Amino acid sequence: AGNYASIVGGYENCADGNCSFIGGGNNNSLSNYSSNSVIVGGFDNSVSSCYSFIGGGNGNTLSSGYRQVIVGGCFNTISGNSDNFIGGGNSNTISGYYNNVIVGGYNNTISDYRRGGFIGAGSSNTISSQYSVIVGGQNNSLSAYYNNAIVAGNSNTISGNYKNHSFIGAGCKN
C-alpha cells in the first residue's frame, strides 16, 4: 500500500498510491501513480491518475493525467491529460487533451488530443474537434477544426481543416 493509503471494506482491492482511498468494492486498483485518488465501490476499476475519482461501476479505467473523473457505468476509459469527465454509460472513451465531457451513452469517443469537447449521450458518436458538441444521436462525427455542433440525428458529419462554427440540428447523413 502507498503511504497514508486506506482501504475500507471490499475484497481484493489494492491502494498503492500515496494518500489514496478505496471504499469497498471488489478487485479495484489504485496504482503507485494515483496519489490522492479515490475509488468508491464497484468492480475491476483502475486508476493511474493523480487527484482522480471513480465512483463505482465495472471495468472503468483512468490511465493517465490529473483530475480525471468517471462517476459510474462500465468499461469507460479516460487517457487524456487532465480535467476530463465521464458521467456513466458503456464503453465511452476520452483520449482528448483536457476539459472534455461525455455524460453517458454507448461507445462515444473524444480523441486526438483535443480539448473542450462535449458528448451528451447517444451511441458511436466521435469528436476530434476542439470546443465542439454532439448532444445526442448515433454515428455522428465532428472532425472539423473547432466550435462545431451536431444536436441529434444519425450519421451526420462535420469535417475538414479550418472548418469552424458549423451546425447540424438533426437529420441523417448530412
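Here goes a summary of the coordinates provided. Keep in mind the model is a prediction, meaning the values are calculated, not measured.

This part is about the sheet that holds strand β19 (residues 149-150). If you walk across this open sheet you meet the eleven strands as β1-β3-β5-β7-β9-β11-β13-β15-β17-β19-β21, and the pairing is parallel. Each edge of the sheet is formed by a strand with only one pairing partner; in this case those strands are β1 (6-7) and β21 (167-168). Bridge count between β19 and β21: two bridges; the pairing is parallel. Within β21, the position partnered with I150 by the bridge is I168.

This part takes up the side chain of S37. Considering the arrangement of structural elements, one finds S37 in the loop between β4 (29-30) and β5 (38-40). On the basis of relative accessibility, which here comes to 0%, the residue S37 falls in the buried class. A polar contact is formed between the side chain of S37 and the backbone nitrogen of Y51, at a distance of 3.2 Å. Leaving out residues up to four positions away in the same chain, S37 has contacts with C19, S20, F21, L30, V47, S49, C50, Y51 and S52.

Now for the environment of I127. Summarising the element assignment, I127 is placed in strand β16 (residues 126-127). On the basis of relative accessibility, which here comes to 0%, the residue I127 falls in the buried class. As for I127 and Y66, which are separated by 61 residues in sequence, their C-alpha atoms are 21 Å apart. Among residues more than four places away in sequence, those in contact with I127 are T109, I110, S111, F118, I119, S132, V133, I134 and L142.

With a phi angle near 55 degrees, S124 is a residue other than glycine that sits in the positive phi range. Here S124 lies in the loop between β15 (118-119) and β16.

Bringing the pattern of salt bridges into the picture now. Throughout the structure, instances matching the rule amount to one salt bridge. One salt bridge connects R67 with D83, and the closest N-O pair in it is separated by 2.7 Å. With a gap of 16 residues between them, R67 in the loop between β8 (61-62) and β9 (69-70) and D83 in the loop between β10 (77-78) and β11 (85-86) connect regions that are remote in the sequence. Assessed through its relative accessible area of 30%, D83 is described here as partly exposed.

Pairing is parallel across the open sheet formed by ten strands, whose spatial order is β2-β4-β6-β8-β10-β12-β14-β16-β18-β20. Every other strand in the sheet has two partners, leaving β2 (14-15) and β20 (157-158) as the edge strands with one partner each. As judged from the two bridges shared by strand β12 (residues 93-94) and strand β14 (residues 109-110), these two strands associate in the parallel manner. Directly across from T93, in β14, lies its bridge partner T109.

Thresholds, definitions, all that
- Residues numbered from 1 in each chain as written.
- Predicted model: local features only at pLDDT ≥ 70, side-chain atom pairs only at ≥ 80, totals over all residues.
- Heavy atoms only, no water.
- Pairing = 2+ DSSP bridges.
- Helix = DSSP H or I, 4+ residues; strand = E, 2+ residues; numbered from the N terminus.
- Buried < 20%, exposed > 50% of the residue type's maximum accessible area, 1.4 Å probe, protein only.
- Polar contact = N/O pair within 3.5 Å; in protein donor to acceptor, adjacent residues only side chain to side chain.
- Contact = heavy atoms within 4.5 Å.
- Salt bridge = Lys/Arg side-chain N within 4 Å of Asp/Glu carboxyl O.

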